[in-house]
Structures are given as structure tokens and as C-alpha cells.
Amino acid sequence: PGRQAVLSRLLEIVLIELMRAPEMLSSRHRGMLTGLTDPQIALALRAFHDDIRRNWSVASLASEARMSRSIFSERFTSLVGQPPMTYVLNWRIAVARDALRHGGRSLNEVADATGYASASAFSTAFTRTVGLPPARYARTAHHLVT
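Residues numbered from 1 in each chain as written. Predicted model: local features only at pLDDT ≥ 70, side-chain atom pairs only at ≥ 80, totals over all residues. Heavy atoms only, no water.

1. Observations concerning the side chain of Thr114
In step 1: Tracing the chain through its elements places Thr114 in the loop between α7 (107–113) and α8 (119–130).
In step 2: Judged by its relative accessible area of 1%, Thr114 is buried.
In step 3: Setting aside residues up to four positions removed in sequence, Thr114 forms contacts with Ile52, Arg53, Arg92, Val95, Ala96 and Phe122. (Helix = DSSP H or I, 4+ residues; strand = E, 2+ residues; numbered from the N terminus. Buried < 20%, exposed > 50% of the residue type's maximum accessible area, 1.4 Å probe, protein only. Contact = heavy atoms within 4.5 Å.)

2. What to know about the pattern of salt bridges
In step 1: For the coordinates displayed, the defined rule picks out four salt bridges.
In step 2: Across the pair Glu64 and Arg54 runs a salt bridge, and its minimum N-O distance is 3.1 Å. Here the residue Glu64 occupies a position in helix α4 (residues 58–65), and Arg54 occupies one in the loop between α3 (39–50) and α4, the gap between them amounting to ten residues.
In step 3: When its relative accessible area of 29% is taken as the criterion, Glu64 is described as partly exposed. (Salt bridge = Lys/Arg side-chain N within 4 Å of Asp/Glu carboxyl O.)

3. Regarding the packing of aromatic side chains
Each aromatic ring pair is characterised by the separation of its centres together with the angle its planes make.
In step 1: Applying the stated criterion across every chain, the model contains eight aromatic pairs.
In step 2: Relative to Trp56, the ring of Phe48 has its centre 6.3 Å away and its plane inclined at 70°; by these criteria the two rings are edge-to-face. Trp56 carries the same exposure label as Phe48, and that label is buried.
In step 3: Directly above the ring of Trp56 sits Arg54, whose terminal nitrogen or CZ lies 4.0 Å from the centroid.
In step 4: The ring of Tyr116 carries the charged tip of Arg92 above its face, separated from the ring centre by 5.9 Å. (Phe/Tyr/Trp six-rings, centres within 6.5 Å; stacked < 30°, edge-to-face > 60°. Lys NZ or Arg CZ within 6 Å of the ring centre and 35° of its normal.)

Pasting the structure below:
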């Protein structure tokens, strides 16, 4: 409930901040906010963030942006600072880390919520990216939070 209203307000805040600090749009500053300044890349970013569970690929993101895969990948990397699938992986892992930090969800639930077909695939990607298996990360993070 209220998700769309929150997202709309967040986008407004981000745009206001960008207008107040135009140097954030320089070529030195790359990231999601810079990607949102490009109308086509913004389409792909919004589609991804609206459904991180979807089985995304460069082709499907490029299709959302209405661009060829090669041009999309090049422009996305230039603006966001990382290739599209690296961005997808990093965002999913960030969402998973947050879910594991706050507990209450099983490994299968976190895997499903972040777009992995199985807990095993999620665990492999998480361990490779974070350096700890999800269960150990959850125990360590939960201990630090409490």
C-alpha cells in the first residue's frame, strides 16, 4: 500500500536534488541518478526496479529502453558506471543484504524476492559477491544490528 506514492515522491526529491546540484550530472559522477537523466536508460532502470524478480537480460533491458543491445549496453555502462547485468546483480544483492540484515524471511523467500530461481543459485551469487554465505551474513548482520 502506498508504494506508488512513495516512489513518485522519491523521484521528485531526486529530481529536485539534481536541479540543485547540476555538477552531479558531470561525467565524473556516474550511477543510477545519472542513468535516470537519459530518457531511454531511465525506461530500463524503471522497468528493472519495478520488477527485480523478472529474469532480466541485456536484451530485455535494451528492449525496455527501445534500443539495440550493443548501444544500450554501451550507453548504460557509460552513464551508470557499470554494465547492465552487473548493476542488476549488485542491486539484487543489496536488496538481499537488507532483507537478511532485518531477518524474518527464509533463504527461499529472499531468493524469490530478488529474482533467483532457487535458494542454491541465490546462495552462490550472494557468496561470490559478498564473500560470505547468506546464512552466515544474516547471523553476523543480525548480531551487529541487535
